[in-house]
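A closer look at the structure
Chain by chain, the residues run as shown.
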Amino acid sequence: DGGRSRWAAQLVHFDHRQIAKQAERLRMHRSLLEHGRSGEAIAEVRCDLFGLEALLRADLEREETFLLPLLDERGYRYRIDADERGTLTTIWRAAA
C-alpha cells in the first residue's frame, strides 16, 4: 500500500540525514585534532565514531526489516554485496 511505502521512504531519508549529520560532526574533529590531540578531543572523536556506528547499524537493520520486503512485494530485485569496505545494495526492476 502507498502509505507503507511512503512511511518506509521517509524513514530511510531520515536515517540517511542523521548519518550525514554525524559524519559531518566527525569531519569537524579533523581540524581540532590537527592542532593537538588532547585526551578530551580523542574521547569526543571516539564518542562520535560510536554514534555513527550505531546509526549505521540501526539504518541497515531497518532497511532489511521494512524496505526490502516492500521491494519484494512490488517486484523489484536486489542484491546485497558486502566486503571489507562496506555494504552495497543494488536495486533494479525485474523484467516483466
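Remember, predicted model here, so these are calculated numbers, not experimental data. (Residues numbered from 1 in each chain as written. Predicted model: local features only at pLDDT ≥ 70, side-chain atom pairs only at ≥ 80, totals over all residues. Heavy atoms only, no water.)

**Things to note about the pattern of salt bridges**
- Summed over the entire model, instances satisfying the criterion amount to 7 salt bridges.
- A salt bridge links Asp-15 to Arg-62; its shortest N-O distance comes to 2.9 Å. Placement of Asp-15 in helix α1 (residues 2–34) and of Arg-62 in helix α2 (residues 39–73) is noted, with a sequence separation of 47 residues between them.
- Accessibility expressed as a relative area gives 6% for Asp-15, which makes it buried.
- With a relative accessible area of 28%, Arg-62 lands in the partly exposed category. (Salt bridge = Lys/Arg side-chain N within 4 Å of Asp/Glu carboxyl O. Helix = DSSP H or I, 4+ residues; strand = E, 2+ residues; numbered from the N terminus. Buried < 20%, exposed > 50% of the residue type's maximum accessible area, 1.4 Å probe, protein only.)

**As for the packing of aromatic side chains**
- The tally for this structure, following the rule as stated, stands at 0 aromatic pairs.
- In this arrangement the basic side chain of Arg-93 is found over the ring face of Tyr-76, its NZ or CZ atom lying 4.5 Å from the centre. (Phe/Tyr/Trp six-rings, centres within 6.5 Å; stacked < 30°, edge-to-face > 60°. Lys NZ or Arg CZ within 6 Å of the ring centre and 35° of its normal.)

**Describing the side chain of Glu-63**
- Mapping Glu-63 onto the fold places it in helix α2.
- At a separation of 2.9 Å, a polar atom in the side chain of Glu-63 contacts the side chain of His-16.
- Sequence-distant contacts of Glu-63, that is, excluding residues within four places in its chain, are made with Val-12, His-16, Leu-68 and Pro-69. (Polar contact = N/O pair within 3.5 Å; in protein donor to acceptor, adjacent residues only side chain to side chain. Contact = heavy atoms within 4.5 Å.)

**Some thoughts on the pairing of strand β1 (residues 76–83)**
- By the bridge criterion, 8 bridges tie β1 to strand β2 (residues 86–93) in an arrangement that is antiparallel. Paired with Tyr-78 across the bridge in β2 is Ile-91.
- Connecting β1 to the next strand, β2, in antiparallel fashion are 2 residues. (Pairing = 2+ DSSP bridges.)

**Comments concerning the environment of Arg-57**
- Position of Arg-57 among the secondary structure elements: in helix α2.
- Classification of Arg-57 by relative accessible area gives exposed; the value is 57%.
- Within polar-contact distance, the side chain of Arg-57 engages the side chain of Glu-53 at 2.9 Å.

Keep in mind that these numbers describe shape and distance, not what the molecule does.
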